[in-house]
Structures are given as structure tokens and as C-alpha cells.
Amino acid sequence: MAKVFKKTSGNGGVTLYLGKRDYVDHVDKVDQVDGVVKLDTKDFGNRKVFVQLACAFRYGSEDLDVMGLCFRKDIWIQHFQIYPESHKPTLSAMHNTLLKKAGDDGKPFSFEIPNNLPCSVCLQPGPDDRGKACGVDFEVKTYIANKKSDPDEKIKKKDTARLIIRKIQFAPSQIGAGPKADICKSFMMSDKPVHLEASLEKDLYFHGEPIPIKIKINNESNKTVKKFKISVEQLTDIILYSADKYTKAVLCQEFEETVEANATYENTLTITPLLAENKEKRGLSLDGRLKDEDTNLASTTMLRQGLEKEVLGILVSYKIKINLMVDGGGLLGGLTSSNVTLEVPLMLMHPKPQE
């Protein structure tokens, strides 16, 4: 094993061990979370030790909780008691490796993540924002307490050890044919229209992969297409606590291409939307990050049939917009100028790593 992730409580009573931080959603099932808690029982008294996995939606700074407001909503949570021992999972190879690290005082645990839970997504904070980012996260926590989940019992930070993990999804192995869209637009003072068609080679692209867009323009009008603009928009739908929907452009490129009246144009133009170009954009959806590790634009949310959207917390999708700027021409000039806009859906995901 390359690395073991470890966190010890402030009083040294419990130490949490995990072999990995990324857990893959394979559609039909999710990787099992196998871990070990090492115990130092000398100060426990009559108290017990529990371990929990929680999927939560955070939509405000933790600092504001002192005002009596809760800006965290648990989507799913599960607890086990590991001391005195009552949870005995079937030992895996991961358990055996971690138990060697933890020694004789290690207690194994396992969690099965339901496959209807959202993947880890966070909203990019602004330059002056502090504390944990808003979004969906998964947290493994071990703590010393009298009861498993007593709302009246105040669990001290020094009695707690926690690690954030990520639930991630990879692109399906079968990638389908790309989407295609077209529009025909007529103009004032022109008998004939402008036809615009755009298509992609496939229906899904990987983060950082160049995206070729095939564009065809048939300008039958008496107007001139002066130039056109291609943009990629990220649509974020926050459905857990309100009906927030917002759109942010993650790429915008202008092309100085002229298509005269009664002329045609055909070309393949390549774009690559990247987080590196959008680091200052507050509220952009990103794949969940661990501490200050780098991440990328959020992957497209893959909805399973029959899945309740409300469980997902944050839905992310993308679209490509092609915008033709058409010059009015003639005596009226700008008064008769107009735009032709076409949208094509886009899916962005991570490739499935080699076994």
C-alpha cells in the first residue's frame, strides 16, 4: 500500500486509519469503506467508542453555527459501536494492512455507501472566503461518548478524530455518438434565412480533453455574419434546501470569421474548458477536494432511472453555446443586426482508470 491516512484525537484516545480517500461509484455499487480505529482506553472511564460515516450538504460557514443557525444538513448517516466491541466486519485485505499499522489495539470497521447518494461536489469559494466550502461531502468520524447519537450530549473536539473522503464517479466504458443541433433564423429586410448546424464527435469528454466542434453555416440571407463566439456554460441546480439554479460561463472564445451573404462556411474548432482559467470564479461547482489538493470542474451528474433528484443535493450539467453576430447592413445598419444562437449539450467526466 502506497499510503495510509491517519488522524488522532486531541487527547490521543482514538486514532483513525484509512487506506484510501477516494471511493468509486460503479453505478450498481460503491467501494466499501474499510478502516481501523486504534484505542488508548486509559481515560475512557465508562464511555464507549463509536465510528460514523455521514454524507452531508453544507451551505454556510461553520463559524456561523455559534449564532444558533445550522448550515449543515445530513443526507445520510450511519454509526457503529466499536468499543466495547459490537461491530465485527468480515476482514478484508485493507483491514489486515491497517491492523498491522495500528497494532493490537486496532478495531476494524466497514461501511457500505448506498449507491443513491450524491458524489462529492464543492462550490468554489471566493478569494476572501474562509472555512469549509459549501457542497456535498463525506466524513468518517470516530468519537468517545456515552451514547451513540444523543443530541443532548456534547462531544468534545479532543475526543474526536475525523477524515474527509470522496465519492467519485468515472465515465461509462461505452461512449455514444455525439449530439447534433441546428437552427434556421430569418431576419428583417431579408427574404432568406441563416442556417447554423453544430455537432460533437461523441457524447462525453474527459476533463482537460480538447473538444472539437464541427460548425456549418449556410448564409442564404443578404446579411453578413461578422464573427461568432463559442462558450461553455456550467449549470448548477441546488435542490436540497431551495430551488437555486445558476449558470456560469467556464469558457468564452471569439472567432473572427466572416461569412458573406449567400456564402457557406464549414470548419472544426477546438475548445478546452479548464478550472485553471476560472480560479477566481466564486460559486463554480468543482469535484470535491481534500484539504488544499487541486481539483477540477465538477463532473456531469449522472442520473439513474428512478433516482430521486432531491437526494442528490447538487446537480451539475454543461452546454456549449454558439453565437453568430449578424450585421444588419444597408441604411438601417445596427438596427437590423441580430444574433443566431445554438446550444449543444456536453458531458464532462473522469476516465475510468486502468485496473
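The structure under discussion appears in the preceding block.
Computed from a predicted model, the values in this text were never measured in an experiment.

Quick notes on the rules
Residues numbered from 1 in each chain as written. Predicted model: local features only at pLDDT ≥ 70, side-chain atom pairs only at ≥ 80, totals over all residues. Heavy atoms only, no water. Phe/Tyr/Trp six-rings, centres within 6.5 Å; stacked < 30°, edge-to-face > 60°. Helix = DSSP H or I, 4+ residues; strand = E, 2+ residues; numbered from the N terminus. Buried < 20%, exposed > 50% of the residue type's maximum accessible area, 1.4 Å probe, protein only. Lys NZ or Arg CZ within 6 Å of the ring centre and 35° of its normal. Salt bridge = Lys/Arg side-chain N within 4 Å of Asp/Glu carboxyl O. Pairing = 2+ DSSP bridges. Axes fitted to C-alpha atoms, helices over the stretch in contact; angles between N-to-C directions. Core = buried A, V, L, I, M, F, W, Y, C linked by side-chain atoms within 4.5 Å. Contact = heavy atoms within 4.5 Å. Arc of directions from axis to C-beta. Polar contact = N/O pair within 3.5 Å; in protein donor to acceptor, adjacent residues only side chain to side chain.

Participant: Could you give an account of the packing of aromatic side chains, naming the residues involved and the relevant values?
Facilitator: Following the criterion strictly, the structure yields six aromatic pairs and no others. Each ring, one from phenylalanine 228 and one from phenylalanine 255, has its centre 5.8 Å from the other, and the planes form 25°; the classification is stacked. On the criterion of sequence distance, the pair formed by phenylalanine 228 in strand S15 (residues 224-238) and phenylalanine 255 in strand S16 (residues 244-255) is long-range, its members being 27 residues apart. This pair shows no difference in class: phenylalanine 228 is buried, exactly as phenylalanine 255 is. Sitting above the plane of the tyrosine 143 ring, lysine 141 keeps its charged end 5.3 Å from the centroid. The aromatic ring of phenylalanine 206 is capped on one face by lysine 202, whose charged end is 5.5 Å from the ring centroid.

Participant: Report on the pattern of salt bridges, specifying residues and quantitative values.
Facilitator: Per the stated rule, a full pass over the model turns up 14 salt bridges. Note that aspartate 25 is salt-bridged to lysine 167, the shortest N-O span being 2.9 Å. Of this pair, aspartate 25 sits in strand S3 (residues 22-25) while lysine 167 sits in strand S10 (residues 160-169); the two residues are 142 residues apart in sequence, bridging distant segments of the chain. The pair formed by aspartate 25 and lysine 167 is uniform in burial state, with each residue classed as buried.

Participant: Run through the sheet that holds strand S11 (residues 180-185), naming residues and quoting values.
Facilitator: If you trace the four strands from one edge of the open sheet to the other, you get S11-S12-S14-S17, paired in antiparallel fashion. The sheet is open, and its two borders are formed by S11 and strand S17 (263-271), each paired with just one other strand. Here the strands of the sheet are splayed against their neighbours by 15° on average, with no regard to which way each runs. For strand S14 (residues 211-219) and S17, the ladder comprises nine bridges, and the chain directions are antiparallel. Bridging across to S17, asparagine 219 finds its partner in alanine 263.

Participant: Tell me what's going on with the nonpolar core, and back it up with residues and numbers.
Facilitator: Proteins that are soluble and globular tend to have nonpolar side chains buried together. Membership of the largest hydrophobic core comes to 72 residues, with the highest contact counts inside it found for Ile215, Ile320 and Leu324. Counting residues per element, this core draws most heavily on strand S19 (residues 314-327), at seven residues. Discounting residues that sit within four places of it in the chain, leucine 324 has contacts with Val194, Leu196, Ile217, Val225, Lys227, Phe228, Ser338, Asn339 and Val340. One finds Tyr17, Val36, Leu98 and Ala102 within the second-largest nonpolar core, a separate group that totals five residues.

Participant: Give me unusual backbone geometry: which residues, what numbers.
Facilitator: In this model, tyrosine 83 is joined to proline 84 through a cis peptide bond whose omega is -15°. Following the sequence through the fold, proline 84 ends up in the loop between strand S6 (72-83) and helix H1 (93-102). The backbone of asparagine 262 shows a phi angle near 60°, a positive value even though the residue is not glycine. Along the chain, asparagine 262 falls in the loop between S16 and S17. A relative accessible area of 62% means that asparagine 262 is categorised as exposed.

Participant: Give me the lowdown on H1, citing residues and values where you can.
Facilitator: Buried within H1 we find His95, Leu98, Leu99 and Ala102. All buried residues of H1 project into a common sector of 105° when viewed along the axis, lining one side. The exposed set on the far side of H1, more than 90 degrees from its buried face, consists of Ala93, Lys100 and Lys101. Lining the buried residues of H1 we find strand S2 (14-18), strand S4 (33-39) and strand S7 (106-111). Phi turns positive one or two residues past the end of H1, at glycine 103, with a value near 90°.

Participant: Explain the sheet that holds S2 to me, and be specific about the residues and the numbers.
Facilitator: With antiparallel pairing, the four strands of this open sheet are ordered in space as S1-S2-S4-S7. Whereas interior strands pair on both sides, the edge strands pair on one side only; in this sheet they are strand S1 (5-8) and S7. Each neighbouring strand pair of the sheet contributes to a mean axis angle of 20°, computed without reference to strand direction. Where S4 lies against S7, six bridges are found, and the strand directions are antiparallel. Across the sheet, residue valine 36 finds its bridge partner in S7, namely proline 108. Each of S2, S4 and S7 touches H1; the most contacted strand, S4, lies at about 20° to it.

Participant: Could you give an account of the side chain of aspartate 25, naming the residues involved and the relevant values?
Facilitator: What makes aspartate 25 buried here is its relative accessible area of 3%. Within the structure, the side chain of aspartate 25 is placed 2.9 Å from the side chain of lysine 167, a separation counted as a polar contact.

Participant: Kindly report on the pairing of S19, identifying the contributing residues and their values.
Facilitator: Of all 14 residues making up S19, 11 are buried, and the element is well covered by its neighbours. Where S15 lies against S19, 14 bridges are found, and the strand directions are antiparallel. Residue phenylalanine 228 lies in a different strand from S19, and its bridge partner there is leucine 324. In this sheet, strand S20 (residues 338-346) lies alongside S19 in antiparallel orientation, the contact comprising nine bridges. Residue pairing for S20: isoleucine 320 is matched across the bridge by valine 344.

As far as function goes, none of this settles anything; it's purely spatial.
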